[in-house]
Amino acid sequence: MNIIVLAKLVPDLVEELTIDPGGAALDLTFARWIINEFDDHAIEQGILLKERGGGTVTVLVPDLDGADDVLFTAAAKGADRLIKLGGDFNGVNNHALARAFAAVVKELQADLILTGVQAHDDLDGSAGPLLAECLQMPYVGYVSGVSINDGKSLLRKEYPGGLLAEMEVTTPAVLGIQAAEQPPRYVAVSKVRQAMKTSSIEEQDASSLDPCGGPTVGRMFQPEAAAHATMIAGSPDEVADKLVDLFKELGVL
Amino acid sequence: MATIEVIERSFYAKVLEATPEGERLRLCLECGNCSGICPFGYLMLYPPSRMIAMLRADRFDQLLETDTVWMCVSCYACTAACPSKVPLTPGLMASIKEELLLAGNVPDELQAALQNSQRYGNPQGESPRKRADWTLGIQPEVKLLAKVKQPVDVLWFVGDYASYHPRVQLATKALARVLNALGVDFGILGPEEWSDGDSQRLAGERGLFEVLAEKNGKAFGKYQFNRIITTDPHAYNAIKNEYPALGISYPVQHYTEFLAERMDQLKPLLKQEVKVKATYHDPCYLGRANGIFEQPRALLQAIPGMELVEMTHNHMNSLCCGGGGGGMWLDGFQWEKAHVRLSEWRVREAISAGAEFLAVACPYETPRFEDAAKTVQGAGELKVRDIAELLAESMGV
Ligand code: SF4
Ligand code: SF4
């Protein structure tokens, strides 16, 4: 089983986001990049599949600050092949990313392609279905479990309202991982350092980054407090007092 | 009986690597003192003495299957009680935790703290850029070494909880005001400061400790100063006892040591009476691990009106607040196993000693004891204060 995991880096929300002076994009000059949480689950699911049924896991990451860390951490968890995709990925949309990924993945004879079901910076749909379309492969999203029997992939897919479905998919296929069967494991720093010594990162250049098909952003702005919301200011005690008064006024208390 | 090093060479090597005294493991008499004094020993499947017995019986693999090792809060009580001076806390316990960590047997909450430390340089997962935000409003302004670009006398290593925890920040600000009032020429690293890494090391993440230490070492190397002071006894322990082996060597003092040395200058400034009965909790990494017992007490006694009483467990025998060695990040896990918090025991002791104030000198403790005081019957009136806060109050700053 040849498993490919696509992981992207997204701006880390631990730092405040600022809007670019143009007013239609994030200012990414000082952004801190972090692996998309769902992609981390996709890596974990890939490693779990390998541990259970053998095969190889290849992890593919666009070249942004932190890409090497993501790749070596994946290697420390058990990934076999690490590929960094070169290009200017700052602020690139998922259409462009999917096309760039597809060009590389085509050459890899994948059986399963795993990626996070979504990311907080998806402005033009999630990357998984776009990639599946580029590769002409089936796509199943919101997957929270994968098992492989006799070359058939059995998936657990989550629906809103707590519904679960089990379905089979013909491979090769693209899966959007909602959650791995276990939370992404922690790897000790010493193991990551060892992986840095024993594994290597292959660099491939993205042939082109074509964003066509995605929306054009007209304006990007911080959430604005709506007129009907009352912001209560003051020290915690004052705020609490005002809240109690307000609740009384509204007849809740 | 075979010797330990024959049985499990790699583990023995790990203990040796963790502490040069590691070879004393061979000298264990199986007296059981360590397991008896351990505050959570009764919940551990293999408290220290049993663990050593298991090693001697060649049953190392069984040790890896238990998770009760994560009850260890690295409090040094066992180490202090061992007649053979076996370095149990930094050697045996930290090494077995490292083995568990490498085997993936780690509680989720601890994983999150380690991941955060790796990524952001603090276990809470706060923005590194905001590490100096607590200084806002302090006058004269706290010097950020990267900004002032001039030598200072004292580099103040503020630490994780003192920098970010909203309750602990009050004590941090108080200390800044005390230092200002004393005219100390000090500066901080702010965003260039990383977690000291000591609790991560004692939770088994030695590699992470080394990475963090290297980053701090690099930052220290950029500036000129005469000494380091720390708010946090864990940072003090790391910089004093562990960093030198990594080539990072600076004179370091805990703030209570530093202030006690300036008693002549401090005393006339302590003008306002703080008329309370207070008791002092010896932090494990100030007291038991580093022998600093008297300086914090001297500071408290210098405050006019303050009456100092001792709890049943004091000095060498102090009870751990439960935050060390990863305990700070294992509250849920430990609660599930114990249904009691070590901080609650301590608060009960403070109450029975008749104390109105519980004075502390470690950033882990204010929030831990304040939380405990909320749940312990009769502790509603107990006030938890950092020594720095009490000094600032008496100085009127
Ligand atoms: S360090 Fe403290 S908690 Fe850990 S084993 Fe020793 S006595 Fe027990
Ligand atoms: S206290 Fe020391 S000598 Fe006694 S059992 Fe524990 S490790 Fe061995």
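Heads up: the structure comes first, above all this text.
In what follows, the accompanying structure is described.

Cut-offs and rules
Residues numbered from 1 in each chain as written. Chains lettered and ligands numbered in written order. Predicted model: local features only at pLDDT ≥ 70, side-chain atom pairs only at ≥ 80, totals over all residues. Heavy atoms only, no water. Helix = DSSP H or I, 4+ residues; strand = E, 2+ residues; numbered from the N terminus. Buried < 20%, exposed > 50% of the residue type's maximum accessible area, 1.4 Å probe, protein only. Contact = heavy atoms within 4.5 Å. Near = heavy atom within 4 Å. Pairing = 2+ DSSP bridges. Axes fitted to C-alpha atoms, helices over the stretch in contact; angles between N-to-C directions. Patch = residues over 30% accessible without salt bridge, like charges linked within 9 Å, V, L, I, M, F, W, Y side chains within 5 Å. Areas by Shrake-Rupley, 256 points an atom, 1.4 Å probe, with all protein chains shown as cover. Salt bridge = Lys/Arg side-chain N within 4 Å of Asp/Glu carboxyl O. Buried area = accessible area lost by both parts, 1.4 Å probe. Polar contact = N/O pair within 3.5 Å; in protein donor to acceptor, adjacent residues only side chain to side chain.

Take the side chain of His41 of chain A next. Residues and elements named next belong to chain A. Structurally, His41 is set in helix H1 (residues 37-53). When its relative accessible area of 15% is taken as the criterion, His41 is described as buried. Setting aside chain neighbours within four positions, we find His41 in contact with Ile177, Ala179, Ala180, Pro183 and Pro184.

The next thing to look at is the site of ligand 1. In the neighbourhood of ligand 1, the contacting residues comprise Cys38, Pro39, Pro48, Cys72, Val73, Ser74, Cys75, Tyr76, Ala77, Cys78, Thr89 and Met93 of chain B. Sorting the residues of the shell around ligand 1 by element identifies helix H6 (77-81) and helix H7 (88-102) of chain B as the ones contributing at least two each.

As a further point, take the sheet that holds strand E8 (residues 357-360) of chain B. Residues and elements named next belong to chain B. Strands sit in the order E7-E6-E8-E9 across an open sheet of 4 strands; the sheet is parallel. The open sheet is flanked by strand E7 (307-309) and strand E9 (383-386), the only strands paired with a single partner. Averaged over all pairs of adjacent strands, the angle between strand axes in this sheet comes to 35 degrees, irrespective of strand direction. Pairing of strand E6 (residues 277-280) with E7 involves 3 bridges; the strand directions are parallel. Residue pairing across strands places Thr279 opposite Val309, the latter belonging to E7.

Another aspect to go through is a nonpolar patch on the surface. A grouping of Ile232, Leu243, Val244, Leu246, Phe247, Leu250, Val252 and Leu253 of chain A is seen on the molecular surface, where their side chains present a nonpolar patch of about 690 Å² in accessible area. Tracing the backbone through its elements, the reader meets Leu246 of chain A in helix H6 (residues 236-250).

In this section: the interface of chain B and chain A. Counting from both sides, the interface comprises 20 residues of chain B and, opposite them, 19 residues of chain A. Here chain B packs against chain A, burying approximately 1,600 Å² in sum over the two surfaces, 46% of which is carbon and sulfur. In terms of surface lost to chain A, no three residues of chain B exceed Leu102, Arg119 and Arg129 of chain B, which account for 32% of the buried area on that side. Here chain B is connected to chain A by 4 salt bridges. Between Arg129 of chain B and Glu15 of chain A there is a salt bridge whose closest N-O contact spans 3.8 Å. Counting across the interface, chain B meets chain A through 12 residue pairs in polar contact (both at pLDDT 80 or more). Of all the secondary-structure elements, those providing two or more residues to the side of chain B that touches chain A are H7, helix H8 (108-120) and helix H13 (206-222) of chain B. Considering every element that reaches the side of chain B that touches chain A, the biggest residue donor is H8 of chain B, with 6 residues.

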